[in-house]
Amino acid sequence: MFLKVQLSWNVIIAPENLQPQGLMLQRAIIIRLLSDFAMKKATKDLGYFLAVTTLEKIGEGKVRQHGDVLLPVVFNAITFKIFKGEILEGVVHKVLKHGVFMRCGPIENVYLSHLKMPDYEYVPGENACFMNDKLSKIGKDVILRFSVIGTKWMEADRDFQALVSLEGDYLGPVSTPDI
Amino acid sequence: MFFSSEFLKAKCLMNCEVSLILEHKYEQLQQTSDDPMNQVSQVFEKSLQYVKRFSRYKNPDAVRQVREILARYQLAEFELCVLGNLCPETVEEAIAMVPSIKTRGRAQDDEAIEKMLNDLSLIKKFE
């Protein structure tokens, strides 16, 4: 699910960027905030950081050692977090013997085990896929609707993994011509 | 159901709303940079691709109307966005996607859900 969140961060501005003109300072703060935001990539609680939408408030700066200035900044941003129990749609990008990997938003590692796609059998070959007796196919680039059974935060890569399932009503390959 | 308390204040966004915001951001970058894709993070790029593909509504007026219609049905933020993203066609499908619309005792009867789905499909038709 995409979320709109309000965050309060401290931004550090180097002394050479402290110009007397107010606009230049504001510009330096925004540039620094956007680069910090992109670097952070994701956190366990808020999910992936997509974009800063609006700057709400720049608080009073505090001068630190070496002349750096620390400024508290309040801003709105969009994040994406995957929740257990949520129903989502994703695109298959890798087919393995034991299951498939999907992309969903910024997440690349959404894993659907063959144990969680009832009635589907692995069909080996150059374009390996899973198929059921109604000839419904789960292969590369197929869109699936799934439910999330578990999520895991990988601190080292600042990345999430998710385990998903097709067990449930109205889950499985989606054939919507309009999307 | 899905949220820890810290999220009670967070607002959810539908794919189509995120698509409008990210595309606008990207257009702004195009005006100031020769190579806008190089200016955005991978998270931004992957998300933009995703929401472009998974937005049921493209036109900004339609996107606004979808939220307005869904907001009439006392849905939680999360429920509203799941319905707006997945666009279920039948009452049964809507309840399978968001079981809480029936179980939270908000007198959300089948007739009301049916009307909501009809209104949504009308917006799609006239988009």
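About the cut-offs
- Residues numbered from 1 in each chain as written.
- Chains lettered and ligands numbered in written order.
- Predicted model: local features only at pLDDT ≥ 70, side-chain atom pairs only at ≥ 80, totals over all residues.
- Helix = DSSP H or I, 4+ residues; strand = E, 2+ residues; numbered from the N terminus.
- Rg over C-alpha atoms; globule rule 2.2 N^0.38 Å.
- Buried ≥ 20, exposed ≤ 12 C-beta atoms within 10 Å, placed from the backbone.
- Contact = placed C-beta atoms within 7 Å.
- Domains from an automatic or database assignment.
- Nonpolar A, V, L, I, M, F, W, Y, C, P; charged D, E, K, R; others polar.
- Pairing = 2+ DSSP bridges.
- Expected span 1.5 Å × (residues − 1).
- Arc of directions from axis to C-beta.
- Core = buried A, V, L, I, M, F, W, Y, C linked by C-beta atoms within 7 Å.

Engineer: Just to check I follow, could you spell out the overall build of chain A for this structure?
Structural biologist: Secondary structure assignment for chain A yields 1 helix and 14 strands. For 179 residues, the compact-globule estimate of 2.2 N^0.38 gives 16 Å, and the C-alpha radius of gyration of chain A, at 22 Å, exceeds that figure by more than 25%. Overall, chain A is about 70 × 30 × 25 Å in size when its C-alpha atoms are taken along their principal axes. Across the 179 residues in chain A, those meeting the buried criterion constitute 27%. The contacts in chain A between residues at least 6 apart in sequence include a share of 55% that link residues at least 24 apart.

Engineer: Even after reading the chapter, I still don't get the overall build of chain B, so can you show me in this structure?
Structural biologist: Along the backbone of chain B there are 8 helices and 1 strand. Mapped from its N terminus to its C terminus, chain B presents α and β elements in the order β-α-α-α-α-α-α-α-α. Counting the 127 residues in chain B, one finds 31% classified as buried. Sequence separation of at least 24 residues holds for 58% of the intrachain contacts in chain B that already meet a minimum separation of 6.

Engineer: Teacher, can you tell me more about the domain arrangement of chain A here?
Structural biologist: Accessible area lost upon the coming together of the parts serves often as the stated size of an interface. All names here are of chain A. One can read the domain layout of chain A as domain 1 (2-80) and domain 2 (87-173). When each unit is reduced to the centre of its C-alpha atoms, the spacing between domain 1 and domain 2 is 37 Å. Across the boundary between the two partners, domain 1 contributes 5 residues, which contact 5 residues of domain 2.

Engineer: Honestly, the interface of chain A and chain B in this entry has me stumped. Any pointers?
Structural biologist: With 27 residues of chain A in contact, the opposing surface of chain B contributes 27 residues. Considering each element in turn, the side of chain A that touches chain B owes the most residues, 5 residues, to strand 3 (residues 47-58) of chain A. Grouping the amino acids of the side of chain A that touches chain B by side-chain chemistry returns 16 nonpolar, 4 polar and 7 charged. Relative to strand 1 (residues 11-13) of chain B, strand 1 (residues 2-13) of chain A is paired through 3 bridges, and the arrangement is antiparallel. Considered in strand 1 of chain B, the bridge of leucine 3 of chain A is made with cysteine 12 of chain B.

Engineer: Is there a simple way to explain helix 8 (residues 110-126) of chain B in this structure?
Structural biologist: Residues lying three or four places apart along an α-helix face the same way, a consequence of the helix completing one turn every 3.6 residues. Residue and element names in this part refer to chain B. Relative to the 24 Å expected for 17 residues at 1.5 Å per residue, helix 8 spans 25 Å between its end C-alpha atoms, a close match to the ideal helical length. Inspection of helix 8 places Ile113, Met116 and Leu120 among the buried residues, and these make up the whole buried set. All buried residues of helix 8 fall inside an arc of 60° around its axis, so they share one side. The exposed set on the far side of helix 8, more than 90 degrees from its buried face, consists of Asp110, Glu111, Asn118, Ser121, Leu122, Lys125 and Phe126. Buried positions along helix 8 lie against helix 4 (60-71), helix 6 (91-97) and helix 7 (100-103).

Engineer: Please clarify how the nonpolar core should be interpreted in this entry.
Structural biologist: Generally speaking, nonpolar side chains in soluble globular proteins are found buried as a group. Judged by nonpolar contacts, the single largest core of 68 residues is most densely connected at Phe2, Leu50 and Ile138 of chain A together with Leu13, Cys81 and Val82 of chain B. Looking at which element gives the most residues to this core, the answer is helix 5 (residues 77-86) of chain B, with 6 residues. Each residue touching leucine 50 of chain A, except ones within four places of it in the same chain, is listed here: Ile78, Thr79 and Phe80 of chain A together with Leu22, Val43, Phe44 and Ser47 of chain B.

Engineer: Is there a simple way to think about the domain arrangement of chain B in this case?
Structural biologist: All names here are of chain B. Domain parsing of chain B yields domain 1 (10-53) and domain 2 (60-126). Here the C-alpha centroids of domain 1 and domain 2 sit 26 Å apart. Contact residues are listed per partner, giving 8 residues for domain 1 and 7 residues for domain 2. Counting only elements with at least two residues in the side of domain 1 that touches domain 2, the list comes to strand 1 and helix 1 (15-32).

Engineer: Looking at this structure, how should I read the pairing of strand 13 (residues 159-165) of chain A?
Structural biologist: Residues and elements named next belong to chain A. Taking every second residue as pointing to the same face, the buried face of strand 13 carries Phe160, Ala162 and Val164, while none of Asp159, Gln161, Leu163 and Ser165 on the other face is buried. Sheet topology note: the strand 8 (residues 107-113)/strand 13 ladder contains 3 bridges and is parallel. Across the sheet, the residue bridging to valine 110 is alanine 162, located in strand 13. In the sheet, strand 12 (residues 143-154) pairs with strand 13 via 7 bridges, with the strands oriented antiparallel. Looking at the pairing, methionine 154 lines up with aspartate 159 of strand 13. Linking strand 12 to strand 13, which pair antiparallel, is a turn of 4 residues; within it arginine 158 sits at a positive phi near 50°.

Engineer: What is the right way to look at the sheet that holds strand 9 (residues 121-123) of chain A in this model?
Structural biologist: Two strands in a sheet stick together by hydrogen bonds in their backbones, pointing the same way (parallel) or opposite ways (antiparallel). Residue and element names in this part refer to chain A. Reading across from one edge, 9-10-11 is the order of the 3 strands in this open sheet, with antiparallel pairing throughout. Only two strands of the sheet have a single partner each, and these edge strands are strand 9 and strand 11 (137-138). Relative to strand 11, strand 10 (residues 129-131) is paired through 2 bridges, and the arrangement is antiparallel. Counterpart to phenylalanine 130 in the pairing with strand 11 is isoleucine 138.

Engineer: Would you explain the pairing of strand 5 (residues 69-80) of chain A in this entry?
Structural biologist: Residues in a regular strand point their side chains to alternate faces of the sheet. All names here are of chain A. In terms of strand pairing, strand 1 meets strand 5 through 12 bridges, oriented antiparallel. In the strand pairing of strand 5, serine 8 is matched with valine 74. One ladder, built from 8 bridges, connects strand 3 with strand 5; its direction is antiparallel. Its bridge partner being in strand 5, isoleucine 58 is matched across the sheet by valine 73. Here 2 bridges tie strand 4 (residues 62-63) to strand 5, and the two strands are oriented antiparallel to one another.

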